[in-house]
Each structure stands twice: as structure tokens, then as C-alpha cells.
Amino acid sequence: MIKVGIMCDDKVDKWQAECITNLMKNENAEIVSTIRPAEYETEGFLKNIKDYYKKAGISSTVNKLTWDLYNKYTNEKKCKKEVEVDSLIRTEKIYCEVEKDGFSEYFKEKDIERLKNKNIDAIVRFAFGIIRGEILSVPKYGVWSFHHDDNQKYRGGPPCFWEIYHKDPVTGAVLQRLTETLDGGEILKRGYFKTKYEYDENVCQVYNGTIEWPSYIINEIAKKGDDKIVTKDEIQGDIYKSPSVFSIIKSEANKIERKIKSKCQGKVWWDIGLHIGRPIDLWQKQTIDVKWFGSSQKEHFLADPFATTINGEPFVFFEKYSYSKRKAEICFIEGHDLDGKQIRNAFETSEHISYPYIFKEEGRTYCIPEMSSTPGLKIYELKAPDNWSPKGEILPTLNIVDPTIISHNNTYWLFCTHSGDYSNTNLYVYYSDNLLSGWKSIYNNPVKTDVRSARPGGTPIIHNRSLYRISQDCSEGYGSALKICKINKLSRCHFDETVYGEITTSEINGKWDGIHHLDSYGDKVFLDAKSHVYNKYYMNKLFKF
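Residues numbered from 1 in each chain as written. Predicted model: local features only at pLDDT ≥ 70, side-chain atom pairs only at ≥ 80, totals over all residues. Heavy atoms only, no water.

**Q** Would you take a moment to explain the sheet that holds strand 13 (residues 186–194) for this structure?
**A** Paired through their backbone hydrogen bonds, the strands of a sheet run either parallel or antiparallel. Within the open sheet, the seven strands sit side by side as 5-3-1-8-10-12-13. Their pairing is mixed. Taken across any chain shown, the strands that pair with only one partner, and hence form the sheet edges, are strand 5 (92–96) and strand 13. Within the sheet, the average angular offset between the axes of one strand and its neighbour, ignoring direction, is 25 degrees. Sitting on the sheet, helix 1 (residues 14–25) is in contact with strand 1 (2–7), strand 3 (29–37), strand 8 (122–125) and strand 10 (143–147), with an inclination near 145 degrees to strand 3. Its contacts with the sheet place helix 4 (residues 109–116) against strand 3 and strand 5, and it is angled at close to 155 degrees to strand 5. (Pairing = 2+ DSSP bridges. Helix = DSSP H or I, 4+ residues; strand = E, 2+ residues; numbered from the N terminus. Axes fitted to C-alpha atoms, helices over the stretch in contact; angles between N-to-C directions. Contact = heavy atoms within 4.5 Å.)

In C-alpha cells, the structure reads:
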């Protein structure tokens, strides 16, 4: 059992309260105390401003006042609504005093000794300022603190703002073990989220997306030990401070520009294509020659092609999305050449269905499509392209997105994301000894939080005995590019991968805005790409009909 202390005020933000609640539910953790700033007489607004001016100067003081006013009166931030700590947990309260040196805070010796006697293993910081000194080494596993930005680019603050200002497609976050270096601690966990240009939305999505991280690290320590999870950044970003009024105006202008661009952009349209060659070579080519199917832009689009054979006959299955129905069905064409073939209906339900993932075993052909609007993952055996026989349902309580199943080292593995739970950002892995039953979560899901390479994007590849996972890069929008991830470790208690290659629209012939799928069959590679069209459904979007 890992003993945890919480540095907090008498009230915490809503997202912090949920973080504490997660720790309370964790069977590997016990919150033994809350560590709070000692009560002191409020010095008043003018005295605080005067002290800040002495430390930072006139320019920084004006910027801080401007930001505080902007942040208070224009941003609601539901994730920061205050919660009484005593309503969450009843445990020992330890009030501590600090000595200030500029912006740094040092715990007094008497409080250091009190905390040492508590034998606390880890402290999660939600209060105090920039703490330095002996306190950092009191807990066995250190003092943990969030930095809601990518510390390799943006240190300091305010959180999740400078990405909007710089038009950075992703907003990072880290949970770090504090050192003497500002926002330069040892990294316990890191994640990346798609930047949202409404500041409220951006900061809250990152806060809420990191709620489970301390509990996650507790589990990692319990399973692997502390020395297996800590990394150290060699690159440290610049230190940012409160933005000036001109920086705030620029961020607002960036937001307006993004809204206008989204409004004027045409309706998303996808097409499927064929490339002759090995998939492993694609991210090394400067130009990828693709023969496109050329579906109608008026009423539907085609996406997510998967090739297979049934009873020795070749077929390609794919999603056919109807603009008028606002849902998709699974269709197929005969053969693998995509050359002037008739589109035929394979399978349709009352709900949206997509990503007809094909899995072959012992001469049988299975399809595991995405139907994430309802719980459970359904598995069908294909007797013929339009004859789907239900074989079972797995993970009946989960809404699975882009289910991708492989058999590897005598185990079945499922890579996916969850609908409604950062579906482009959090990667989940499940395993089983039986395709149709007994599926379990890998230890400590989600295994990855990264909008640039989490969501599956096609059939994994085995090359030179190495396993490569096809993933989507959704940082510039859904389906903006593909990342090829080399899986370094895949076991029931550990997953690790690194990005090995990338495929973008710049390498593909034609004018495209995104790519989000790749499947291979022999020497043929099937993929899709998107553009934006101006059909009658775009007019409905433009005027919200």
C-alpha cells in the first residue's frame, strides 16, 4: 500500500476533487493526510500587487492584472468549480508554513520533521507555489505536480493558453516529480490533446484528461517499481508568464479565424484508393501513386477499405456513408483492383456502422465492425460477402471505436479507443485466450494519451519479426495523417511503442486534406483520403438547416 499525502487548500477545483476521489478508490493507495498552507491574515489586494511588482516589475504586473481580469470575467471553466476537501475525505490535516524567496517557497524545518515522521510515500501537489528545498525529498517517491502544457515547449503559465496563441495543434500535459528546476522535473506521465481555440474548452479538456494520472502512476509503481517509470527531459521549453493584452487579443483573433475557417470549409468527403507495393515502404517514399475509386461527391463517401478473400474469391469491404441518412453501411466490391466495380451492400443496421475490420483464422473470415453508438463489440463470420453470421459479442459494457484485433504470441489483442472518452486521444489494449470470450483489460489502461498517434487506423503489419501498428494523427483534425508505430513491448501488464514513420497527404497524388486508414493484402495497399466538397449538404451545414 502506497501512502499518499495531498497538498491542498481547504477547497480544491472540481477536476482536482475527482483526482483525489480516484486515488481514494485505488486499492494500491491510501491517502493518509492533507498538507495545507497554515492560516495567515489576508494582506489585501493592493499589498499583494505591490509585492508582485517588487518581484516581477511593472510590465509583468500589468500583464498579470490584465490576465486575471480576462480570466475571471470571460472564462467560466466548469472544471474549476470549487469543492470542499473535507466533504471528500476525512483524514489528518497538517498545516505547514513556508518561507518565501522571490517566487520560491521553502517549508520550515519543523514542518519538514513532522512530515518525515509520517512516512509518506508520495505527495500530490494542488496547493502552495513554486516549492523547492528539502520538502522535495521527504516522500519516498517525491512530490508530484501537474504541468498542463508541454514542458518541452512551454514552461511557466498560464496553462493551455500559449498553444492557442502560437496555433500549436496540440496542447501537452505532464505529471512530474518535482526537482529544483521550474517545470523541469522528472516525467512520470505525458500526454497530448488536440488544441481547442476556446480557452475554457482547451484548459478543461486537458485538466479532465489528466484526472486519473496520479492513480495510474500509483499502479505503475506497485507493479514495476519507481525506477521503471521515470524519464528525464533533455529539452526544456522557454518560461512563459501572464500574457499581455496584445497576446490575449491575438489568441482571440486566432479563435475567430479558426471558426471562420471551419464554417467556410466544405463538407468532408472521403474516397478509397489502391497502391501497388509493400506497406512498409510507404513512409519512405516521396510520392505514393494511388489509383482512386472516384465515388460520387453528391450523396455519399467511401472510407476504411479492408481487403480479404472468401472461399477463394477476392473482395474489398468499406464504409459507405450517406449524407442524407447521416449514417453508414458496410458495402463491398468484387476483386482487389478497384477498377470500375459495382458497389454492393454487405451489411446494414439501424445505427451507424463503419471500420469493417477483417480478421482471418483457421480458414474462417471474421468481420469486427465499429458500432460505437451502442455498447458491446459484435463479431461476425462472413459466409459470403453479403452473408454475415453473428458469432458473439465481447466487452459488452464498452463503446468501442475502431476495433483492431490481432493474434500475436498465442494471445488475441484488441487495440481501440472508447467513444466519448477522448476517442482520438486515449489508446486502450485488451487481451484474451479466446476470440469470442474472456477479454480482459491490459494492466493500467489507457496505455497511451496522444492525439497524434493513439486511435487505430488499419491493419497492423509484421515486418522483420517486428509488429507495427497503424494509427491516426488527429492533431490537425480527425484523420489528418497516419503514424506508423513500432510496438516495442506487448504483454498483459506492459505496452510500449514508438512512432516509426508517417504518411501525410503531401506524399499522395491528388489534392487531399487528410488520410486516416491503411490496409494491405499481399502487394496491394488500400487506403483512403479526404477532401472538402461544396454540395447541397454543405449548404445545410453553412446555414444550419
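Further notes follow.
**Q** When you look at the sheet that holds strand 30 (residues 461–463) in this model, what are you seeing that I'm missing?
**A** Strand order in the open sheet formed by four strands is 30-31-32-33, with antiparallel pairing between adjacent strands. Each edge of the sheet is formed by a strand with only one pairing partner; in this case those strands are strand 30 and strand 33 (494–503). This sheet shows a mean twist of 35 degrees between the axes of neighbouring strands, independent of strand direction. Judged from the six bridges that link them, strand 31 (residues 466–473) and strand 32 (residues 481–491) form a sheet pairing that is antiparallel.

**Q** Would you mind going over the packing of aromatic side chains with me for this structure?
**A** The description of an aromatic ring pair rests on the distance of the ring centres and on the angle between the ring planes. Taken as a whole and judged by the stated rule, the model has 33 aromatic pairs. Taking 4.5 Å as the distance between ring centres and 45 degrees as the angle between the ring planes, the aromatic pair formed by W292 and W512 counts as tilted. Taken as a pair, W292 in strand 16 (residues 291–292) and W512 in the loop between strand 33 and strand 34 (518–521) lie far apart in primary sequence, 220 residues in all. The buried category is assigned to W292, whose relative accessible area is 19%. Its end group placed over the ring of Y165, K250 keeps NZ or CZ at 4.4 Å from the ring centre. (Phe/Tyr/Trp six-rings, centres within 6.5 Å; stacked < 30°, edge-to-face > 60°. Buried < 20%, exposed > 50% of the residue type's maximum accessible area, 1.4 Å probe, protein only. Lys NZ or Arg CZ within 6 Å of the ring centre and 35° of its normal.)

**Q** Which parts of the structure should I look at to understand unusual backbone geometry?
**A** If a residue is not glycine, its phi is most likely negative; likewise, a peptide bond is most likely trans. Of note, the bond from G157 into P158 is cis; its omega dihedral lies within 30 degrees of zero at -5 degrees. The omega torsion across N445 and P446 is -5 degrees, close enough to zero to call that bond cis. Tracing the backbone through its elements, the reader meets P446 in the loop between strand 28 (440–441) and strand 29 (448–449). At K167, a position not held by glycine, the phi torsion is positive, near 55 degrees. Its location among the elements puts K167 in the loop between helix 5 (162–165) and strand 12 (170–177). Of note, Y422 is a non-glycine position whose phi angle comes to about 50 degrees, a positive value.

**Q** What is the right way to read the nonpolar core from this model?
**A** Nonpolar side chains in soluble globular proteins tend to end up buried together. Among the nonpolar cores identified, the biggest contains 47 residues, and V4, I6, F126 and W144 are the most heavily contacted of them. When neighbours within four sequence positions are excluded, V4 is seen to be in contact with L23, A29, E30, I31, V32, S33, I120, A122, V124 and I218. In terms of nonpolar packing, the next biggest core, distinct from the first, is built from 46 residues, A346, Y366, Y428 and W439 among them. (Core = buried A, V, L, I, M, F, W, Y, C linked by side-chain atoms within 4.5 Å.)

**Q** Can you help me understand the side chain of K448 in this one?
**A** Secondary-structure assignment places K448 in strand 29. Only 2.7 Å separates the side chain of K448 from the side chain of E497, close enough to count as a polar contact. Leaving out residues up to four positions away in the same chain, K448 has contacts with T425, N426, L427, S453, R469, C485 and E497. (Polar contact = N/O pair within 3.5 Å; in protein donor to acceptor, adjacent residues only side chain to side chain.)

**Q** Looking at this structure, how should I read the pairing of strand 10?
**A** Side chains on a regular strand alternate between the two faces of the sheet. Most of strand 10 sits inside the fold, with five of its five residues counted as buried. Bridge analysis of strand 8 against strand 10 gives three bridges, and the strand direction is parallel. Across the sheet, residue I123 finds its bridge partner in strand 10, namely V143. Across four bridges, strand 10 lies against strand 12 in antiparallel orientation. Its bridge partner lying in strand 12, H147 is registered against V174.

**Q** I'm lost on the packing of helix 1 against helix 7 (residues 213–224) in this one. Help?
**A** In a packed pair of helices, the relevant descriptors are the angle between the two axes and the axis-to-axis distance. One can describe the packing of helix 1 onto helix 7 by two numbers: an axis separation of 8 Å at closest approach and a directional angle of 25 degrees. The angle between the axes of helix 1 and helix 7 places the two elements in the roughly parallel class. Packed against helix 1, whose contacting residues are C19, N22 and L23, the element helix 7 presents P214, S215 and I218 at the interface. (Parallel < 35°, antiparallel > 145°, perpendicular 65-115°, else oblique.)

**Q** How do you make sense of the pairing of strand 8 when you look at a structure like this?
**A** As judged from the four bridges shared by strand 1 and strand 8, these two strands associate in the parallel manner. Among the inter-strand pairings, I6 is bridged to a residue of strand 8, identified as V124.

**Q** Hey, could you run me through a nonpolar patch on the surface in this one?
**A** A contiguous nonpolar patch, built from V245, F246 and I249 and spanning about 320 Å² of accessible area, is present on the exposed surface. Turning to its location among the elements, V245 is positioned in helix 8 (residues 245–264). Under the relative-accessibility criterion, V245 is labelled partly exposed at 38%. (Patch = residues over 30% accessible without salt bridge, like charges linked within 9 Å, V, L, I, M, F, W, Y side chains within 5 Å. Areas by Shrake-Rupley, 256 points an atom, 1.4 Å probe, with all protein chains shown as cover. Salt bridge = Lys/Arg side-chain N within 4 Å of Asp/Glu carboxyl O.)

**Q** Help me understand the side chain of R36 in this model?
**A** Along the chain, R36 turns up in strand 3. A polar contact of 3.1 Å, which involves the side chain of R36, links it to the side chain of T34. With residues near it in sequence (within four places) discarded, R36 still touches C8, D9, D10, V85, D86, K93, I94, Y95, C96 and F128.

**Q** Would you mind showing me how to read helix 8 here?
**A** Because each turn of an α-helix spans 3.6 residues, side chains separated by three or four positions in sequence point in the same direction. With 20 residues, helix 8 extends 29 Å between its outermost C-alpha atoms, agreeing within 8% with the 28 Å of an ideal straight helix rising 1.5 Å per residue. All of the buried residues in helix 8 are S247, I248, S251, N254 and K255. Each buried residue of helix 8 lies within a common arc of 115 degrees when the element is viewed along its axis, so the set occupies one face. Turned more than 90 degrees away from the buried face of helix 8, the exposed residues are F246 and I249. Summarising the contacts, the buried residues of helix 8 are in contact with helix 3 (58–74) and helix 5. (Expected span 1.5 Å × (residues − 1). Arc of directions from axis to C-beta.)

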